[in-house]
Amino acid sequence: MKLTLFAIEKKPRKGLLTVEWIAMGYLLFTLVVMALLWEELPNRSLMIEGRVNFVVITMAMWLVYRLVPCRLTLLFRVVVQMLFLSWWYPDTYEMNRCLPNLDHVFAGFEQQLFGCQPSLLFSQWVPWSWFSEIMCLGYVSYFPLMALVCLYYFFKRYHEFQMTAFVLLTSFFVYYVIFVLVPVTGPQFYYLAVGTEKIAEGVFPHLGDWFLTHSERMAAPGWADGFFYHLLDITHDAGERPTAAFPSSHVGITTVVMLLAWRTRSKALIYTILPFFIAMCLSTVYIYAHYAIDVIAGLVTGSALYFLLMLVYPYMATEACRQKR
C-alpha cells in the first residue's frame, strides 16, 4: 500500500480537480450574492479574507500535487476541500441573515401537515436516556460517515474515488446554495425566539430580520449527562448557526452516503452505515435541529442529487481526461 500511495502517476492531472472547480464555482456564486447584499453584510471583510485563504490553499495543494503527483497528494487535495465545508457552512449564515426569515412559513406548513410540531413533541414521546444517546450519536456521525465511505472508495475502488468526491462535494454545495437563498433556521432557533408556549398553541409569527443580530439556540433535549449529548453540544457550540434548516443536509448527505455504500455491494459497509442513517433521519427532529418536512425534503433531494450527479459525472470525467493530454 505504501508503494501505491507514493507511486508517481504516469499521467497526472494538470489542472484543477472537478471538485475544486465546483468549489470555485460556489465561491463565484457567493461573491455575486455578497455584491448584492454588500451594505447589509456585517462581516464582509472577514468573508473576503476567507475566500482569499481558500484560493491560496487550494492552489498550494495543486502545486504540491504537481511536484509529487501521487495518490496520497491527490487525497490531500480532496480532504482539503472537505475540510473547507466546515467553513463554508457558517458562511451561509452571513448572507442569509440579511434576508427575511421564513421559519414562520415552514413551521406553519408543518402544523398543517402533521397537526402538531413533531420536533417539539418527539423528545417528550420518547424520553429515555438510552434513546437520547442513540439520537445524539446518530447526529454527530455525520462527517465520520462521509469520511468512511470516501476512504473505502479510495482504498478499495480507487478508480471511482474522484467520482465519489464529486458526488459528495457537489451535493454539499447544492445545499449551500439553497441555504443562502432560503433563510430557514429550524426549531432550535425559531422556537426559542418565539417561545415554546406560542409554538405549542400554533402561533408562528414572522420574525423579519431577527436573526440578523440573534444567534441564540435552545439546548437539545435528552439525557444531559450523556457522553454523546456532550459531544453534540460541543459540535453545536463550535459551528452551529441559525441557518441551513431546509432541506436537512444532514439527512440529504447521509442519503447520498448510504447510496454510495449500496453501490459498492459491500455488506460490511452497508450494514455499518445503515443504523447511523436511520438514526440520522430521526435525530435531526429529536434534537430540534429540523422540522419533519426538512427530513422528508432531505431524503428526496439527497436521492435526486445522487442519481443526477452519477449521470453527470461521466461527462465531467471525459473533460478531465482531455485536460490530462
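Whatever comes next refers back to the structure up there.
Rules used throughout
Residues numbered from 1 in each chain as written. Predicted model: local features only at pLDDT ≥ 70, side-chain atom pairs only at ≥ 80, totals over all residues. Heavy atoms only, no water. Helix = DSSP H or I, 4+ residues; strand = E, 2+ residues; numbered from the N terminus. Buried < 20%, exposed > 50% of the residue type's maximum accessible area, 1.4 Å probe, protein only. Contact = heavy atoms within 4.5 Å. Patch = residues over 30% accessible without salt bridge, like charges linked within 9 Å, V, L, I, M, F, W, Y side chains within 5 Å. Areas by Shrake-Rupley, 256 points an atom, 1.4 Å probe, with all protein chains shown as cover. Salt bridge = Lys/Arg side-chain N within 4 Å of Asp/Glu carboxyl O. Phe/Tyr/Trp six-rings, centres within 6.5 Å; stacked < 30°, edge-to-face > 60°.

**What to know about the side chain of Thr243**
- Mapped onto the elements of the fold, Thr243 is located in the loop between helix 12 (227-239) and helix 13 (249-264).
- What makes Thr243 buried here is its relative accessible area of 2%.
- When neighbours within four sequence positions are excluded, Thr243 is seen to be in contact with Tyr89, Thr92, Tyr93, Asn96, Phe179, Val184 and Thr185.

**What about a nonpolar patch on the surface?**
- Together, Leu28, Leu31, Trp38, Ile48, Val52 and Val56 make up a nonpolar patch on the protein surface, roughly 500 Å² of accessible area in all.
- Counting residues per element, the nonpolar patch draws most heavily on helix 3 (residues 44-67), which supplies 3 residues.
- Inspection of the secondary structure assignment puts Trp38 in the loop between helix 2 (18-36) and helix 3.

**A word on the packing of aromatic side chains**
- Applying the stated criterion across every chain yields a total of 31 aromatic pairs.
- Pairing Phe54 with Phe84 gives two aromatic rings, centres 4.9 Å apart and planes at 90°, and the pair type is edge-to-face. Of this pair, Phe54 sits in helix 3 while Phe84 sits in helix 4 (residues 71-96); the two residues are 30 residues apart in sequence, bridging distant segments of the chain. Residue Phe54 shares its accessibility class with Phe84, and that shared class is buried.

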